[in-house]
Protein chains: 4
Amino acid sequence: MCRWLAYSGSPIRLEELLVKRDRSLIDQSLHSRQGATTTNGDGFGVGWYDDGETPRVYRSTHPAWNDRNLRELAAGVSSRLFFAHIRASTGTAIQETNTHPFRSGRWLWMHNGLIREFPKLRRELALAVDDSLFASIEGTTDSETMFYLALTFGLESDPVSAVERMVGLVEETGRKHGVEQPIQMTIATTDGSTVWAFRYSSEGDSRTLYFSTRMEALKALYPESDELAGLSDETRVVVSEPLGDLPGAWNEVPESHVGIIQPGADELQPFTPQR
Amino acid sequence: MCRWLAYSGSPIRLEELLVKRDRSLIDQSLHSRQGATTTNGDGFGVGWYDDGETPRVYRSTHPAWNDRNLRELAAGVSSRLFFAHIRASTGTAIQETNTHPFRSGRWLWMHNGLIREFPKLRRELALAVDDSLFASIEGTTDSETMFYLALTFGLESDPVSAVERMVGLVEETGRKHGVEQPIQMTIATTDGSTVWAFRYSSEGDSRTLYFSTRMEALKALYPESDELAGLSDETRVVVSEPLGDLPGAWNEVPESHVGIIQPGADELQPFTPQR
Amino acid sequence: MCRWLAYSGSPIRLEELLVKRDRSLIDQSLHSRQGATTTNGDGFGVGWYDDGETPRVYRSTHPAWNDRNLRELAAGVSSRLFFAHIRASTGTAIQETNTHPFRSGRWLWMHNGLIREFPKLRRELALAVDDSLFASIEGTTDSETMFYLALTFGLESDPVSAVERMVGLVEETGRKHGVEQPIQMTIATTDGSTVWAFRYSSEGDSRTLYFSTRMEALKALYPESDELAGLSDETRVVVSEPLGDLPGAWNEVPESHVGIIQPGADELQPFTPQR
Amino acid sequence: MCRWLAYSGSPIRLEELLVKRDRSLIDQSLHSRQGATTTNGDGFGVGWYDDGETPRVYRSTHPAWNDRNLRELAAGVSSRLFFAHIRASTGTAIQETNTHPFRSGRWLWMHNGLIREFPKLRRELALAVDDSLFASIEGTTDSETMFYLALTFGLESDPVSAVERMVGLVEETGRKHGVEQPIQMTIATTDGSTVWAFRYSSEGDSRTLYFSTRMEALKALYPESDELAGLSDETRVVVSEPLGDLPGAWNEVPESHVGIIQPGADELQPFTPQR
């Protein structure tokens, strides 16, 4: 079971949320409390936006906690929007092309969960990927296949509908092959300005997903951070497991919902797989 | 352009052919003479048979010349049949699952060359892989796709015919997409007792492939090697580029041929793609 | 805190003790029960003897649990005497030259524990290493420095005395610099026939160390293993944490003692640092 | 033999000089023309200054030409002062702590060349490093030892004199041990504002070192680069081998000299080892 974090708001150094705190994402990779897997040492990735349209991606197969380059990067890079992901493989190979976030054009995508019995479904799902996108698949994970299916179904024009269709296809394909609960997921995706965060599972018992809805709560969590003190009211963090233990700082996204972080009011909508 | 070596005969330590000599495979990876690429530093792999049916495989993304574990392994492992491959990527990612030799059951497979414009053909070729084999594809290379196509076409029962059908399909698919000369290859494959070595290219101008046909020549090449002195008369080496400069030691495999190393007399047959 | 295992006896495949069991060393690297560190993901190493005098060493900075080459090696290599070590760094860099076991000539050495405030003591300890040995130091760990000090003090002729002198020097040097409890260690070393296993700490509260004293107990632990069934009565395993939960299978080495595994009767002696 | 590049001037993206051009540093790592080694595939490093005092360092043991993270970083990071180095090992281990540039506080250091018979001299040179600095040595290269000796001799207050004393010590120590020509070097070091570039060898036949003295020449070399068009007149590049073939763009630093890039007029001074 993986761990991920999405940040959107005033530019901060990546290390503020990835490295520095007792309950940072890297700390979580060593000691997860709510995760199904005890250790997340099968690689990690960071994707961030700077002044260009295309995000930068740094991915490695080393455990995050002992990668010096990650610490240098996290100290040296500031960003207004970044994704970070720490992987615990559910069986596929430990290689950079299997680490999140995945990138296509200006989009990023990361996932926690799995398609159950993916080896059995992989070929049929791969065939549903659009011809023009197929050659860009570089790895062998269920997560990357889900990304390319969502792109096939129009992620770039209507993200919620595209992910609903992707999940619909996975569930239909899975059940055709006798898989009762085909999908388990929390997913984050972004085009560089809006962030969509999905929580869904076929069995209606999804892995956790949290929004930091109140900026004042986050600031209370890091009172000594001058950098955080200057964050805009629009600043939001979405995580698979809360950072820190401050009561009231985090709101759990309900089952079968998608949260949308955007300029102006954020949104929370029901999520329904489609065929 | 890659480099490879196949050995069959009296058990020897891998280091005898991989590490020790001035013109060993590792030395070739630093300074290739006949290759199209100046450096082969994009990973390597070794596959060998011990007393079991399933070969062992050691693959790494480090350059072969600075991998200490390879030297330890090559010094510690003796084998009667082994493959070694040094990679120069033609574009796909540098990761273990893209390094040769590839393995399926008791079979090994390695390749030097390429399918031209593979990204354009990849999806259609992948779809031709048998459903039961598809989920075992771990990497993204043309070489691994060729292996799974050959397995689909019956590699395990009639290897020559299976490879002829695989090449026929690649050429047909390529030409359908406007690729004039779709394939360039030297390939070695084995089931643990017989070795098949193919040389073919659509343009009739294939990369080099050599057999050491005379054991006495090989022994003359390594006069100081006590280990080689005791090699059986059936011992053979197949290489993409000759080891050493001894005149008469190596015989080039002709264009569009397959050589078969087996108990008893070896064979050389014409190779003709089939549809 | 690291984990290690030393095996001496009838030749077995490394995977029997490293990979296969629920409580194998690799499993321990993910979920340690008695260790001070929750995860041992900072690299690993294996050293084994074949028919030559010099042991082979395979070391990697990947977490042991996701290194495919380790699994291949452990399945392909049999040995009558091998060491395996899984590292949790106490601060020094994650690199192959800092992973155990360390090798010098036909000797292997591995360590669990630490020299406290090693950065403060490092220079003075390094200067005590014999001139002829100094250039062979490749890494930066306390463990490797301890090995070279022991070699300096005659490890090859009188191992127990050499380690007692090494510990005496570390304690003297530490206390001179104000370190109250300078050393904490369990150490295994071998010349390829005898194995010495030390348990000692300045504070008299050392990390655990266990011998499998009764072969019948080990066989009872792995009843389904045909390979273990054929093990000689001299076969012994020494571990930092017991493999499996079988009552009676493991005997704890007492504080400040060294166990010696050798042809004929094994020995257990008091261990006293010397100056 | 290594390759390196130092850039000082108007902020540019690292990729402009590391990745983009036919004769970029990465291209040189594959095909060096003036180097003694044919391939530089034993790791690389980049050090750069952003708005803080401490430089950031990214170092890897992968060949530079196939490291995707380097390409991302070089595209995402702009800097007014950066060092880049591509390594060809002269014998020491391939590990991050042996790759350049080395960092201490706000200083960076990189080196092309070697101390001859370094294993013989290593201990005596290491003992000359100041006690307070010794514990910061992380690797095993001659280059890093030279850095810590220069720091010991006052690099931070008088860099030219400190390097002259370091070279004096190396030559004296070498000759005492029967090494006739102990040192061969081009070195760059910086405190984040001034860059010192040294060219020296005991035999008076040093490896090459070039300054781009005229900004208009550099702009002529990259006419299509809008980013270069806006570079300040103070912008300078120092390289071990010229980038590109434009006549007149590069000036060779003479034997036994040090060039100093600084605000205002740059300087070129004779360099004389001292004892």
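What comes next is a walk through the structure. As a convention, each chain's residues are numbered from 1 in the sequence order in which they are written. Chains carry letters from A onward and ligands carry numbers from 1 onward, assigned in written order. Residue-level local features of this predicted model are given only where pLDDT is at least 70; pairs of side-chain atoms are given and counted only at 80 or more, and the full residue set underlies all totals for whole chains, interfaces and linings. Heavy atoms throughout the structure, all of them, feed into the side-chain values; hydrogens and water do not.

1. What about the relation of the copies chain C and chain B?
- The fit set for superposing copies consists of C-alpha atoms from residues with pLDDT of at least 70 in both; the fit itself is least squares. Taken as rigid bodies, chain C and chain B are interconverted by a rotation of 180° and an axial shift of 0.0 Å, the fit giving an RMSD of 0.0 Å. The operation mapping one copy onto its partner corresponds to a two-fold rotation axis.
- Working rule for contacts: check all heavy atoms of both residues, and any pair within 4.5 Å makes them a contact. Both copies present the same face, since 100% of the interface residues in chain C are matched by interface residues at the equivalent positions in chain B.

2. Quick look at the sheet that holds strand β3 (residues 56-60) of chain C
Residue and element names in this part refer to chain C.
- What the 7 strands build is an open sheet, ordered β3-β2-β4-β1-β10-β9-β11; its pairing is antiparallel. Looking at strand neighbours, the two that pair on one side only are β3 and β11 (251-252), the edges of this open sheet.
- At least two DSSP bridges between two strands are required for those strands to pair. Counting from the N terminus, the helices are the DSSP runs of H or I reaching at least four residues and the strands are the DSSP runs of E reaching at least two. Pairing between strand β2 (residues 44-48) and strand β4 (residues 78-86): 5 bridges, direction antiparallel. Each bridged residue has a counterpart across the sheet, and for Gly47 the counterpart in β4 is Phe83.

3. Focus on the packing of helix α6 (residues 142-152) of chain B against helix α7 (residues 159-176) of chain B
All names here are of chain B.
- All axes here are fitted lines through C-alpha atoms, helices being fitted over the stretch that makes contact, and every angle between N-to-C directions spans 0 to 180 degrees. It is the contact of α6 with α7, at a shortest axis distance of 8 Å, that shows an interaxial angle of 125°. One finds that α6 runs oblique with respect to α7. Where α6 crosses over α7, the handedness of that crossing is right-handed. Counting all contacts with α6, which are made through Met146, Leu149 and Ala150, the residues of α7 involved are Ala162, Val163, Met166, Leu169 and Val170. Any angle from 65 to 115 degrees is called roughly perpendicular, while one under 35 is roughly parallel, one over 145 is roughly antiparallel, and all others are oblique. Here a crossing is called left-handed whenever its near helix is offset anticlockwise from the far helix by less than a right angle, and right-handed whenever the offset is clockwise.

4. As for the pairing of strand β6 (residues 107-115) of chain B
Residue and element names in this part refer to chain B.
- A 1.4 Å probe rolled over the protein chains alone gives each residue an accessible area, and that area as a share of the maximum for its type sets the label: buried under 20%, exposed over 50%, partly exposed in between. Buried residues dominate β6, accounting for 9 of its 9 residues.
- Along β6, one buried face is formed by Trp107, Trp109, His111, Gly113 and Ile115 and the opposite face, lined by Leu108, Met110, Asn112 and Leu114, is buried too.
- Turn length for the strand β5 (residues 102-104)-β6 hairpin, with the two strands adjacent in sequence and antiparallel, is 2 residues, and the turn residue Gly105 shows positive phi of about 55°.
- In this sheet, strand β7 (residues 183-190) lies alongside β6 in antiparallel orientation, the contact comprising 8 bridges. Residue pairing across strands places His111 opposite Ile187, the latter belonging to β7.

5. As for the interface of chain C and chain D
- On the chain D side, the residues contacting the 16 residues of chain C number 16 residues.
- The junction of chain C with chain D conceals about 1,400 Å² of combined surface from both sides, 54% of it contributed by carbon and sulfur atoms.
- Three residues, Arg122, Arg123 and Phe134 of chain C, lead the burial of chain C against chain D; their summed loss comes to 41% of the area buried on that side.
- Across the salt bridge formed by Asp131 of chain D and Arg123 of chain C, the nearest N and O atoms sit 3.8 Å from each other.
- The term polar contact refers here to a pair of N or O atoms within 3.5 Å; inside protein, the definition further demands a hydrogen-donor-capable atom paired with an acceptor-capable atom, and it admits residues adjacent in sequence only when both atoms are side-chain atoms. Remark: the boundary between chain C and chain D carries 10 residue pairs in polar contact (both at pLDDT 80 or more).
- When residues of the side of chain C that touches chain D are traced back to their parent elements, those giving at least two are α4 (118-127) and α5 (131-134) of chain C.
- When residues of the side of chain C that touches chain D are assigned to their parent elements, the largest contribution, 5 residues, is made by α4 of chain C.
- Here the side of chain C that touches chain D is built from residues that sort into 8 nonpolar, 4 polar and 4 charged. Once two parts are put together, the accessible area they lose, assessed with a 1.4 Å probe and summed over both, is termed the buried area. Any Lys or Arg side-chain nitrogen located within 4 Å of an Asp or Glu carboxyl oxygen qualifies as a salt bridge. Ten residue types, Ala, Val, Leu, Ile, Met, Phe, Trp, Tyr, Cys and Pro, are classed as nonpolar, four, Asp, Glu, Lys and Arg, as charged, and the remainder, Gly among them, as polar.

6. Comments concerning the side chain of Gln262 of chain A
Residue and element names in this part refer to chain A.
- Within the secondary structure layout, Gln262 lies in the loop between β12 (257-261) and β13 (267-270).
- Among the polar contacts made by the side chain of Gln262, one reaches the side chain of Glu267 at a distance of 2.9 Å.
- Apart from residues lying up to four places away in sequence, Gln262 is in contact with Thr194, Glu234 and Glu267.

These figures capture arrangement, not role.
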